[in-house]
Amino acid sequence: MRAWILGSWVVALVFGAPLHSRVVVFQEPGFPTVESDAPDRRTLEGALADLRPEFLDLDGLQEPDSLADVELLVLPYGSAYPADAWPALRSYIHGGGNLLNLGGRALWVPVFADPEAPDGFRQERGQGTYWRVLAPVHAAEVPRRDYSRFAWDPVFPFETAEIRVERVFTIDTLFVANFLSPEGKWRGLGFFFDEAGHKIASPMTRFDYVVTPPGRQAKGRGRFVMLPFEPQQGYWESAAGRSLIREAARHAAGGSATVWLQLPLASVHEGEVAQAILHLRDHQPPAAGDSSRRSVTVRLERDGEVLDSQVGALDGNALDTSLLFPAATEPGLYKLTATYQEDGEVVDVHETGFWRRDEMLLASGARLGVGSTYLRRDGRPFIPIGVNMWVNDTNWPFFPSNANAFEWDRDFAEMAERGLNFVRTGIWFSRELLVDRPTRTAKEEVLRNLESMLHAAGRHGLQVQFTVFSFEPQTTKKGGSGILGPGRNPYTDPVAIESQAAFIESIVARFQDVPVVSWDLINEP
């Protein structure tokens, strides 16, 4: 890795121009539309004109290699999809194909051709069965409809002015015991808000998925963009509706990519220079030709003011480079944004942040104590109302091995505004990953990550309870596959207990003067 400090915000990437790829729209006369209002062919041709779409009927979609070299597949019938063509759809997903679903709950109602049915098609009940190729999910209608306004996520400069809906749906990943958690990233791209400014629903979402097909080593990586709503009648044919289809299709066709700013130290101390490591992975192989199409932009901001810039370059489809931020000198919160673009269209964005250590902020706040009947804060009875919380980072949501000061500050501000006063967090995976092995103490980056969270909690008046051990202070991995720490029995072996004590003491000693944090030795004792 190399570091640059230059006076430009553009990271020039050497990529090739795109090969012409196919965009396919499934369209079958008489095919049912569920929980949506399917746009007609003329509307789709107009909205997708610059992508030169092909239209395939059910027979065409079932042909061998019908989706070979397809850059984007559009499914326009809301929650309904052609289950007869599932082998072709599954193969396309396994290969990392990009999809756009217009309306309803994507891949939710399988429809089969049936000559005995009144309209020639048979609808099955709504189900998440076919989603299992990607992830176990649950889909439901958002119960609220008190939409006050709509706004795009400001990091995605979509231009569609309005989205008119009857109702909105949500698709959520389920936790299923003994089922491997899916890889990939969900993200809402625009939101409906209520009068208080709270997000209610997202009528345009995306899932950048990763799937390992059975019997294959290579992973399929694709982008699935969904417009999960039932539109008002005539919306798709309106200028705004056609604009939304066009912008959603272009975003989906851009494919899956990941840009990520890794923070070696999420709380920067006196005498240290703030640093980030910029990672980029574009999962669509570049072609030979023009090198000016793709770029990544990095911004350092404080209180909305741009302070600094960094520049790097790469050959190929990957980048890992270290960036320094000497302008981050004053105590406080700093935001970092990395934006990856193709032909001026945003492909992926990562927002994160760090703190320049603020001694006064860390020393502020109330300390918890105990009474005969209640917890007490500064001597007064205290009833904790809060949530479990780790880190809502879009790329690496694992705390305390990762931090995102920007996300914590935003989330804690909303929690405080809604009346919450308590955050429970801690270590919910292998402790050995967080330990400096020679000393058995917590790694310095782990301590800085926790310090970053405590800055945000203190700023917004929240108490933090940190749980050191989840379930048990294990010395072996669950299932017995390998040693996690010294000793055998975590409760009776002196070697194990000494190791645990060194780890705990290293954390508690660092934050003994921070009043907003309290300690819990073990989860659910």
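Residues numbered from 1 in each chain as written. Predicted model: local features only at pLDDT ≥ 70, side-chain atom pairs only at ≥ 80, totals over all residues. Heavy atoms only, no water.

Think of a sheet as strands paired side by side through backbone hydrogen bonds, with each pair either parallel or antiparallel. An order of 5-7-8 is seen for the three strands of this open sheet, with the pairing classed as mixed. Edge positions in the sheet fall to strand 5 (80–82) and strand 8 (121–123), since each has one partner strand and no second. For this sheet, the mean angle separating the axes of adjacent strands, direction not counted, is 35 degrees. Of the pairings in the sheet, the one linking strand 7 (residues 109–113) to strand 8 comprises three bridges and is antiparallel in character. Within strand 8, the position partnered with valine 111 by the bridge is glutamine 123. (Pairing = 2+ DSSP bridges. Helix = DSSP H or I, 4+ residues; strand = E, 2+ residues; numbered from the N terminus. Axes fitted to C-alpha atoms, helices over the stretch in contact; angles between N-to-C directions.)

It is worth spelling out the sheet that holds strand 33 (residues 517–522) at this point. Read across the sheet, four strands follow the order 28-29-32-33 without closing on themselves; strand pairing throughout is parallel. Every interior strand has two partners, whereas the edge strands, strand 28 (386–388) and strand 33, have only one. Put simply, the sheet's adjacent strands are angled 20 degrees from each other on average, direction ignored. Across three bridges, the pairing between strand 28 and strand 29 (residues 422–426) is parallel. Following the sheet pairing, glycine 386 is matched in strand 29 by phenylalanine 422. Its contacts with the sheet place helix 8 (residues 494–510) against strand 32 (463–469) and strand 33, and it is angled at close to 160 degrees to strand 32. (Contact = heavy atoms within 4.5 Å.)

Next up on the list: the nonpolar core. Across soluble globular proteins, nonpolar side chains have a tendency to be buried as a group. Grouped together as the largest cluster of nonpolar side chains are 41 residues, with contacts concentrated most on Leu73, Trp131 and Phe224. If one sorts the elements of this core by residue count, helix 3 (residues 86–94) sits on top with four residues. Ignoring anything within four residues of it in the chain, the contact list for leucine 73 reads Val24, Leu61, Leu67, Leu89, Tyr92, Asn98, Leu99 and Leu100. Listed in part, the 39 residues of the second largest apolar core include Leu48, Phe55, Ala240 and Leu244. (Core = buried A, V, L, I, M, F, W, Y, C linked by side-chain atoms within 4.5 Å. Buried < 20%, exposed > 50% of the residue type's maximum accessible area, 1.4 Å probe, protein only.)

Inspection of the entire model under this criterion finds 27 aromatic pairs. Ring centres of phenylalanine 466 and tryptophan 519 lie 5.9 Å apart, and the angle between their planes is 70 degrees; on these two criteria the pair is classed as edge-to-face. You can see phenylalanine 466 sitting in strand 32 and its partner tryptophan 519 sitting in strand 33, a full 53 residues away along the chain. Clustering of aromatic rings is evident, with ring pairs tying together Tyr147, Phe150, Trp152, Phe156, Phe158 and Phe192. Above the plane of the ring of phenylalanine 193 lies arginine 149, whose end atom (NZ or CZ) is 4.2 Å from the centre. (Phe/Tyr/Trp six-rings, centres within 6.5 Å; stacked < 30°, edge-to-face > 60°. Lys NZ or Arg CZ within 6 Å of the ring centre and 35° of its normal.)

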